[in-house]
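Fold and contact review
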Amino acid sequence: MTRPRTVALIAGLGRLPQVIVDALDRTGEAVVIAALQGFEPDLPGHAVDAFRLERLVPFLDRLADRGVTHICLAGAVRRPALDPELFDARTAMLVPRIVAAMRPGDDSTLRTFLAIFEEHGFAILGAHDLAPELLPVEGVPTRATPGAEAAAGARLGEAAVAELGQTDTGQACVVAGGAVIAREGPEGTDAMLAALPTGVAAGRSGLLFKAPKPGQDRRADLPVIGPETARGAAAGGLGGIVIEAGGVMVLDLPQVIAILDAQGMFLWVRPAGDVA
């Protein structure tokens with residue numbers, strides 16, 4: 001007999017965890033919500049089980065005792081400071097493995113934690129598995145459409161983001177005037193847009209390009225855009241946003257489209273490697 005699915009949402013900050021909770025509430029699916037201590041989201045009507053990384057294995061035992069079968073990670077977190085005195089014996093055995101994974105960057109760290117979850121008997125779900133509407137279909141849902149200049153800019157953006165991904169330093173860039181003028185750093189896409197010099201992409205001629213890292217495990221940490229991203233791109237004088245189809249989640253897609261339409265900007269959900 002197949003065991004009923006119970007999902008543990010390990011939530012971080014931002015809008016994404018609420019979207020996932022709403023999706024699970026609509027289906028009536030059993031869910032346990034947890035969060036790394038210090039990054040607990042505000043999810044009205046839902047209790048949040050806070051845990052520390054130093055007690056990771058007991059936390060996973062607790063999830064198993066509650067019947068959890070699947071884990072989904074959603075929301076932003078930063079690496080917490082660890083207290084060596086708080087480690088239990090079983091979690092302490094994982095420390096060398098976790099420390100080694102942290103050296104290359106966030107992607108390596110995430111892969112290691114996903115592997116640990118699987119080793120403890122949990123299946124991994126992506127946020128888009130629970131809320132498929134987060135991944136818009138290929139095409140241009142806005143009134144404005146990209147032209148030849150945007151197609152060339154998207155190819156530049158794709159190459160630049162691939163380079164960023166190789167060093168695990170970002171998933172987005174800004175292209176204007178035939179060149180990459182800004183690259184995403186640890187502060188994120190919205191901060192990159194806010195830091196654009198005034199007039200650098202005036203005339204709605206540039207674009208924001210966003211895509212996953214090369215070889216990224218797409219069950220977690222897919223890049224996200226939302227209304228604030230659209231507003232930031234508009235304030236920066238850009239002509240539109242290009243995202244990789246199937247690789248970038250969009251929060252509140254109708255609102256994003258409305259913001260871009262009001263500014264005469266486009267959203268292009270572009271297949272990876274599109275040569276158009």
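The structure displayed is predicted, hence computed values, not measured ones. (Residues numbered from 1 in each chain as written. Predicted model: local features only at pLDDT ≥ 70, side-chain atom pairs only at ≥ 80, totals over all residues. Heavy atoms only, no water.)

Take the overall build of the protein chain next. Scanning the protein chain for helices and strands turns up 10 helices and 12 strands. Scaling as 2.2 N^0.38, a compact globule of 276 residues should have a C-alpha radius of gyration of about 19 Å, and the protein chain matches this with 20 Å. Looking at the protein chain as a whole, 50% of its 276 residues qualify as buried. Across the protein chain, contacts joining residues at least 24 apart in sequence account for 73% of those joining residues at least 6 apart. Total accessible area on the protein chain is roughly 12600 Å²; 55% of this is exposed by carbon and sulfur atoms. For the protein chain, the distance from the average position of its 24 positive side-chain charges to the average position of its 33 negative side-chain charges is 1 Å. (Helix = DSSP H or I, 4+ residues; strand = E, 2+ residues; numbered from the N terminus. Rg over C-alpha atoms; globule rule 2.2 N^0.38 Å. Buried < 20%, exposed > 50% of the residue type's maximum accessible area, 1.4 Å probe, protein only. Contact = heavy atoms within 4.5 Å. Areas by Shrake-Rupley, 256 points an atom, 1.4 Å probe, with all protein chains shown as cover. Lys, Arg positive; Asp, Glu negative; His and termini not counted. Charge placed at Lys NZ, Arg CZ, Asp CG, Glu CD.)

An order of 7-6-8-10-12 is seen for the 5 strands of this open sheet, with the pairing classed as mixed. With partners counted over all chains shown, the strands left at the sheet margins are strand 7 (179-183) and strand 12 (266-270), one partner each. Strand-to-strand twist of the sheet, defined as the mean angle between neighbouring strand axes without regard to direction, takes the value 25°. Of the pairings in the sheet, the one linking strand 10 (residues 238-244) to strand 12 comprises 5 bridges and is parallel in character. In the sheet register, Val242 faces strand 12, and the bridge partner there is Trp268. Where helix 7 (residues 148-166) meets the sheet, it contacts strand 6 (172-176), strand 7, strand 8 (206-210), strand 10 and strand 12, and its direction lies at approximately 145° from that of strand 6. (Pairing = 2+ DSSP bridges. Axes fitted to C-alpha atoms, helices over the stretch in contact; angles between N-to-C directions.)

Turning our attention to helix 9 (residues 227-235). Owing to its 3.6 residues per turn, the α-helix aligns residues three or four sequence positions apart on the same side. Turning to helix 9, its buried residues are Pro227, Thr229, Ala230, Gly232, Ala233 and Ala234. Contacts from the buried residues of helix 9 go to helix 8 (189-194), strand 8, strand 9 (224-225), strand 10 and helix 10 (253-262). One or two residues past the end of helix 9 sits Gly237, with phi positive at roughly 80°.

For the structure on display, the rule yields 1 aromatic pair. Summarising the aromatic geometry, the rings of Phe51 and Phe59 are spaced 3.8 Å apart at their centres and angled 5° between planes, so their arrangement reads as stacked. In this structure Phe51 comes out as buried when scored by relative accessible area, which is 7%. For Phe59, a relative accessible area of 0% translates into the label buried. Stacked on the ring of Trp268, the Lys or Arg Arg270 has its end atom at 5.8 Å from the ring centre. (Phe/Tyr/Trp six-rings, centres within 6.5 Å; stacked < 30°, edge-to-face > 60°. Lys NZ or Arg CZ within 6 Å of the ring centre and 35° of its normal.)

The next point concerns the pattern of salt bridges. Counted by the stated rule, this structure contains 14 salt bridges. For the salt bridge of Glu119 with Arg97, the shortest nitrogen-to-oxygen distance reads 2.7 Å. Of this pair, Glu119 sits in helix 5 (residues 106-119) while Arg97 sits in helix 4 (residues 95-102), and the two are 22 residues apart along the sequence. By relative accessible area, Glu119 is classed as exposed at 51%. (Salt bridge = Lys/Arg side-chain N within 4 Å of Asp/Glu carboxyl O.)

Glancing now at the sheet that holds strand 5 (residues 123-125). The strand order across the open sheet formed by 5 strands is 3-2-1-4-5, and the pairing between neighbours is parallel. Strands at the two margins of the open sheet, each flanked by one partner only, are strand 3 (49-51) and strand 5. For this sheet, the mean inter-axis angle between neighbouring strands, taken without regard to orientation, is 30°. As judged from the 3 bridges shared by strand 4 (residues 70-74) and strand 5, these two strands associate in the parallel manner. Looking at the pairing, Cys72 lines up with Leu125 of strand 5. The strands touched by helix 1 (residues 16-27) within the sheet are strand 1 (6-11), strand 2 (30-36) and strand 4, with strand 1 carrying the most contacts at an inclination of about 165°.

Remember, this is a structural readout, not a statement about activity or role.
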